[in-house]
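Residue-level listing of the chains:
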Amino acid sequence: MKRPDVMIESLARMRALGWPARLRMAGNGSKLEAMKVQIAQLGLEAHVDLLGQLDERSVAKEMDQAHALLHASTYETYSVVTAEALCCGTPVIATDVGALPELIGTGMGRLVPSNDPGEWTRVWAEAWHELLHVDRQAVSRRMSERADIKSVGARYAAILNAEIGVQRKTPA
């Protein structure tokens, strides 16, 4: 599902165009060895940090310091990492798949039409300056209001009530 290869190839293209882009990639998984090979083949060792598995505080710190979260994927239902980034006020560049368009509203980042590295490079370059000037507090506020326990609980209760035919007022 996740496409780190697309982001790494796009990074190589951004660097070739003169952008001072770099990637800080968290997590471990089955694609890690292939990522290391691709990074070496493209000569990007100085521009990619493979951070491994991070705890909650480290993730929040990375997101807080990031220019943007890049998330290339072939399919998403509800992208927790995208919601977390937005709650931290970090804008997101993500593939236009699944529920991602519902999360990334105006002023919160950009959607990439496909997982083509050329498209990713185009959108990343176009959004570079815009994302540096995003109102991070507004992004955090918008997503936090939408993803906090009270608002999620109220929406979930409304769905359940609609399904079972119960019409009750939810507490304020």
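Everything that follows concerns the structure shown earlier in this document.
Residues numbered from 1 in each chain as written. Predicted model: local features only at pLDDT ≥ 70, side-chain atom pairs only at ≥ 80, totals over all residues. Heavy atoms only, no water.

A. Molecular detail of the overall build of the protein chain. In terms of helices and strands, the protein chain carries eight helices and five strands. Put simply, the protein chain runs from its N terminus to its C terminus through helices and strands in the order α-β-α-β-α-β-α-β-α-β-α-α-α. Over its C-alpha atoms, taken along the principal directions, the protein chain stretches across nearly 60 × 35 × 30 Å. Across the 172 residues of the protein chain, 38% fall into the buried class. Taking all contacts inside the protein chain whose residues are at least 6 apart in sequence as the whole, residues at least 24 apart take part in 60%. On the protein chain, roughly 10,000 Å² of surface is accessible, and the fraction owed to carbon and sulfur atoms is 55%. For the protein chain, the separation between the mean place of its 20 positive charges and that of its 21 negative charges on side chains is 4 Å. (Helix = DSSP H or I, 4+ residues; strand = E, 2+ residues; numbered from the N terminus. Buried < 20%, exposed > 50% of the residue type's maximum accessible area, 1.4 Å probe, protein only. Contact = heavy atoms within 4.5 Å. Areas by Shrake-Rupley, 256 points an atom, 1.4 Å probe, with all protein chains shown as cover. Lys, Arg positive; Asp, Glu negative; His and termini not counted. Charge placed at Lys NZ, Arg CZ, Asp CG, Glu CD.)

B. Representation of the layout of surface pockets in the model. What the largest pocket holds in volume is close to 1,300 Å³. As for the largest pocket, its lining consists of 39 residues, of which Arg24, Met25, Ala26, Leu69 and Leu70 are closest to the centre. Elements with a contribution of two residues or more to the lining of the largest pocket: helix 1 (4–16), strand 1 (23–26), helix 2 (32–41), strand 2 (48–52), helix 3 (56–65), strand 3 (69–71), helix 4 (80–87) and helix 6 (117–132). Residue composition of the lining of the largest pocket, grouped by class: 24 nonpolar, nine polar and six charged. (1 Å grid on protein atoms, 1.4 Å probe; cavity = no way out; pocket = protein on both sides within 12 Å on 5 of 7 lines; lining within 4 Å. Points joined across faces, edges and corners; volume = space filled by probe spheres on them. Nonpolar A, V, L, I, M, F, W, Y, C, P; charged D, E, K, R; others polar.)

C. Broad picture of the pairing of strand 4 (residues 92–95). The side-chain alternation of strand 4 yields two buried faces, one formed by Val92 and Ala94 and the other by Ile93 and Thr95. By the bridge criterion, three bridges tie strand 3 to strand 4 in an arrangement that is parallel. By the bridge assignment, histidine 71 is partnered in strand 4 with alanine 94. Taken together, strand 3, helix 4 and strand 4 constitute a β-α-β crossover, and its handedness is right-handed. Relative to strand 5 (residues 109–112), strand 4 runs parallel, the two sharing four bridges. By the bridge assignment, valine 92 is partnered in strand 5 with glycine 109. (Pairing = 2+ DSSP bridges. Right-handed = clockwise from strand over helix to strand, strands pointing away.)

D. Just the pattern of salt bridges, in detail. For the structure shown, the criterion picks out eleven salt bridges. Across the salt bridge formed by glutamate 76 and lysine 2, the nearest N and O atoms sit 2.6 Å from each other. Highlighted residues: glutamate 76 in the loop between strand 3 and helix 4 and lysine 2 in the segment before helix 1, separated in sequence by 74 residues. The class for lysine 2 is partly exposed, based on a relative accessible area of 37%. Note that arginine 24 and glutamate 62 form a salt bridge whose closest N and O atoms lie 2.7 Å from each other. Residue arginine 24 is found in strand 1, and its partner glutamate 62 is found in helix 3; the two are separated by 38 residues along the sequence. Overall, the relative accessible area of 46% leaves arginine 24 in the partly exposed class. Taken together, the salt bridges that share partners define one network made up of Arg110, Glu119, Arg122, Glu126 and Glu130. (Salt bridge = Lys/Arg side-chain N within 4 Å of Asp/Glu carboxyl O.)

E. Seen up close, the pairing of strand 1. Residues of strand 1 alternate between two faces, with Leu23 and Met25 buried on one and Arg24 and Ala26 left unburied on the opposite face. Relative to strand 2, strand 1 runs parallel, the two sharing four bridges. Bridged to methionine 25 within strand 2 is leucine 50. A crossover links strand 1 with its parallel partner strand 2, the connecting element being helix 2, and its sense is right-handed.

F. Representation of the sheet that holds strand 3 within the structure. With parallel pairing, three strands are arranged side by side in an open sheet as 3-4-5. In this open sheet, the two edge strands, each paired with only one partner strand, are strand 3 and strand 5. This sheet shows a mean twist of 10° between the axes of neighbouring strands, independent of strand direction. Seen against the sheet, helix 6 touches strand 3, strand 4 and strand 5 and runs at an angle of roughly 170° to strand 5. (Axes fitted to C-alpha atoms, helices over the stretch in contact; angles between N-to-C directions.)

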